Amino acid sequence: QGIVKNKKKKKLKLTKGEKKLARLERACKDLQAKRDEYEQFLDRMSSWLQQHHQRAVELFSCFDKSGTGLLSAEDFQSGMRDLGIPCVEFQLHLLARLLEKDNSGKIDYFEISTSLQRARLADLKLNKEEEGVKEADHLVITRETLERCPVCQLALWKPSAPIRESSHRFLLLNLRLIAFDGVRSHPGHFEDVVPSSIKVYGLINRIQGRVGIGSIRLKIFKDNTYSQESILSPAISLEESGLVGGPPESPTQVTLYYDYSVEFADCSIINCDHYFGRHFLER
């Protein structure tokens, strides 16, 4: 009987491009495994993308011949290098992967800043699930022991304090400048994650810092009608105004509007800066 020798299966050789992709993926996994470094990377990218959002949109519009608002990952990375994004090759690869729209290989360049925030929240939720962290109960009632009544000898109990929340609740705010509500992408439109306990005046300060508005006459509205009923009082919290938040990994999504007037309403140059003919709130 002849002896049949086992033939060794030949390993498929990876192409140069496949080897490079494998190295990038390994480097990405290593970074994501180091939670502190990964969070710092996301913070840095989020801040940079917000600051350079308008420049990025203008540049990518030149790549987007069809006008769909979508780019390939390769074009995105090329454009980011042209803009001088402060990250190395594997970090840029990771950023592009995080911003992909439904794993399609396409990136919506109008939403790169907000898409990163969404990806970050999804990653936080996934990380908690992997660690087996269960969402804690948000209503905690404690029992208070009372002395027996000297007459009826009954022992009663009641909550020792008002029902309290055991953890903070958060809102994912889509903040829009009313004067340009009809424009899809504008420097005045942005998203921000805030605790629902934040006071409205605190949110006003965040908007001023984010957009660079010097005016103190800034108001926040529940809708874009400019009505007095929709104005949020600066003294109350968002929660007190009826906006209930969610857990950190899946904050409640809410759209709010804001507008402001300038102190020198008779200056035509200042007036046209943001309004282009729109009436001011205070005239």
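Quick notes on the rules
- Residues numbered from 1 in each chain as written.
- Predicted model: local features only at pLDDT ≥ 70, side-chain atom pairs only at ≥ 80, totals over all residues.
- Heavy atoms only, no water.
- Helix = DSSP H or I, 4+ residues; strand = E, 2+ residues; numbered from the N terminus.
- Buried < 20%, exposed > 50% of the residue type's maximum accessible area, 1.4 Å probe, protein only.
- Pairing = 2+ DSSP bridges.
- Axes fitted to C-alpha atoms, helices over the stretch in contact; angles between N-to-C directions.
- UniProt positions renumbered as here; feature names shortened; annotations may be inferred.
- Patch = residues over 30% accessible without salt bridge, like charges linked within 9 Å, V, L, I, M, F, W, Y side chains within 5 Å.
- Areas by Shrake-Rupley, 256 points an atom, 1.4 Å probe, with all protein chains shown as cover.
- Salt bridge = Lys/Arg side-chain N within 4 Å of Asp/Glu carboxyl O.
- Lys, Arg positive; Asp, Glu negative; His and termini not counted.
- Charge placed at Lys NZ, Arg CZ, Asp CG, Glu CD.
- pLDDT = per-residue confidence, 0-100.
- Contact = heavy atoms within 4.5 Å.

The name given to the protein in an unreviewed UniProt entry is EF-hand domain-containing protein, with Lepisosteus oculatus as the source organism.

**Student:** Before we move on, can you summarise unusual backbone geometry with the specific residues and values?
**Tutor:** Although it is not a glycine, Y226 adopts a positive phi angle of roughly 65 degrees. Along the chain, the position of Y226 falls in the loop between β5 (217–221) and β6 (252–261). Judged by its relative accessible area of 23%, Y226 is partly exposed.

**Student:** Any chance you could break down the sheet that holds strand β4 (residues 190–195) for me, citing the residues and the numbers?
**Tutor:** Note on sheets: strands pair through backbone hydrogen bonds, and any given pair is parallel or antiparallel. Spatial ordering of the open sheet is given by β4-β3-β6-β5, a layout of four strands whose pairing is mixed. Strands at the two margins of the open sheet, each flanked by one partner only, are β4 and β5. Mean inter-strand twist for the sheet, computed between neighbouring axes without regard to direction, equals 35 degrees. Where strand β3 (residues 170–177) lies against β4, six bridges are found, and the strand directions are antiparallel. Note that in β4 the partner of L175 across the bridge is F190.

**Student:** Run through the UniProt feature "domain: EF-hand" (unreviewed entry) in the protein, naming residues and quoting values.
**Tutor:** UniProt's feature table lists "domain: EF-hand" (unreviewed entry) at residues 51–86, given in the numbering used throughout. Strand forms 8% of residues 51–86 and helix 64%; the C-alpha atoms that close the span are 13 Å apart.

**Student:** Run through a positive patch on the surface, naming residues and quoting values.
**Tutor:** Where like charges cluster on the molecular surface, the positive patch consists of K13, K16, K19, R23 and R26. With respect to the helices, strands and loops of the structure, K19 is situated in helix α1 (residues 16–33).

**Student:** Just give me the short version of the confidence of the model for the protein, but keep the residues and values in it.
**Tutor:** Mean pLDDT for the protein: 77, with 72% of residues reaching 70 or above. For the stretch residues 159–166, pLDDT sits under 50, and the model shows 16 contacts to residues farther than four places along the chain or on other chains.

**Student:** Describe the pairing of β6, with residues and values.
**Tutor:** When a strand is regular, its side chains alternate between the sheet's two faces. Within β6, seven of the ten residues are buried, which leaves it mostly tucked inside the rest of the structure. Bridge count between β5 and β6: five bridges; the pairing is antiparallel. Residue pairing across strands places R217 opposite S261, the latter belonging to β6.

**Student:** I'd like a rundown of the pattern of salt bridges, residues and numbers included.
**Tutor:** A full pass over the atoms with the stated rule returns seven salt bridges. Where R35 meets E39, a salt bridge forms, and the shortest distance between an N and an O atom there is 3.6 Å. One end of the pair, R35, and the other, E39, are both in helix α2 (residues 35–51), four residues apart, so they sit about a helical turn from each other. E39 gets classed as partly exposed once you look at its relative accessible area, which sits at 26%. For R176, the salt bridge identified is with D181, shortest N-O distance 2.7 Å.

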